[in-house]
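Examination of the molecular architecture
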Amino acid sequence: MGEKTMPVTGGCLCGAIRYESTEPPNWVVCCHCRICQQAHGQLFDVGVEFPGEAFRYTKGEVTYYQSSPWAKRGFCANCGSPVDTWYKDDSDPIVHIGSLDHPEDWPLERHVGIESKVPWHVIGDDLPQRQTDVSKHVEAAKAQEFYSARESSRLGG
Ligand SMILES: [Zn+2]
Ligand SMILES: [Zn+2]
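None of the values given here were measured: they were computed from a predicted structure.

**What to know about the overall build of the protein**
A count of helical and extended segments in the protein gives three helices and ten strands. Along the protein, from the amino end to the carboxyl end, the secondary structure elements read β-β-β-α-β-β-β-β-β-β-β-α-α. Considering the protein as a whole, with its 157 residues, one finds that 30% of them fall into the buried category.

As structure tokens, then:
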């Protein structure tokens, strides 16, 4: 690998939100699970986790929603770009690799949520692949009106 730009910086499409990390990522993982697919409107999400103590927002304010019983996801309320994901009881944020100013610096390490990968999307690397079966949890959350309950409580103030 060549020189990496430090600190690691990034932000949303419109520039309203900016962040930096003074430490390199903990990991870079491609997740093919249904939650990532739907949250991004895409086939997968490449997440980059940073040590919480090294990470901070330098501009703007992230808007959050509860994307599952175990995680909340943040986005820019101005441009709609997904910005981060925080797991419950974990102080290390996960940002999305496309939001980095230099995504080329941090290569992918593995694939997870592989059971939900769309069959015609062919993975062209030989990195490790792992299952993370969240689909049944997503179905359970939908059955409990987890998402609509959040929405109406937000509308109700
Ligand atoms: Zn924005
Ligand atoms: Zn996922």
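**Things to note about the nonpolar core**
The biggest cluster of nonpolar side chains holds 26 residues, and the ones touching the most others in it are Cys-31, Cys-36, Val-48 and Val-83. Elements with a minimum of two residues in this core: strand 3 (27-31), helix 1 (34-40), strand 4 (45-49) and strand 9 (94-96). Among the elements that line this core, the one with the most residues is strand 3, at four residues.

**Things to note about the confidence of the model for the protein**
When pLDDT is averaged along the protein, the result is 90, and 85% of the positions lie at 70 or above. A low-confidence stretch, residues 151-157 (pLDDT under 50), is modelled with zero contacts involving residues beyond four sequence positions or located in other chains.

Conventions and cut-offs
- Residues numbered from 1 in each chain as written.
- Chains lettered and ligands numbered in written order.
- Predicted model: local features only at pLDDT ≥ 70, side-chain atom pairs only at ≥ 80, totals over all residues.
- Helix = DSSP H or I, 4+ residues; strand = E, 2+ residues; numbered from the N terminus.
- Buried ≥ 20, exposed ≤ 12 C-beta atoms within 10 Å, placed from the backbone.
- Core = buried A, V, L, I, M, F, W, Y, C linked by C-beta atoms within 7 Å.
- pLDDT = per-residue confidence, 0-100.
- Contact = placed C-beta atoms within 7 Å.

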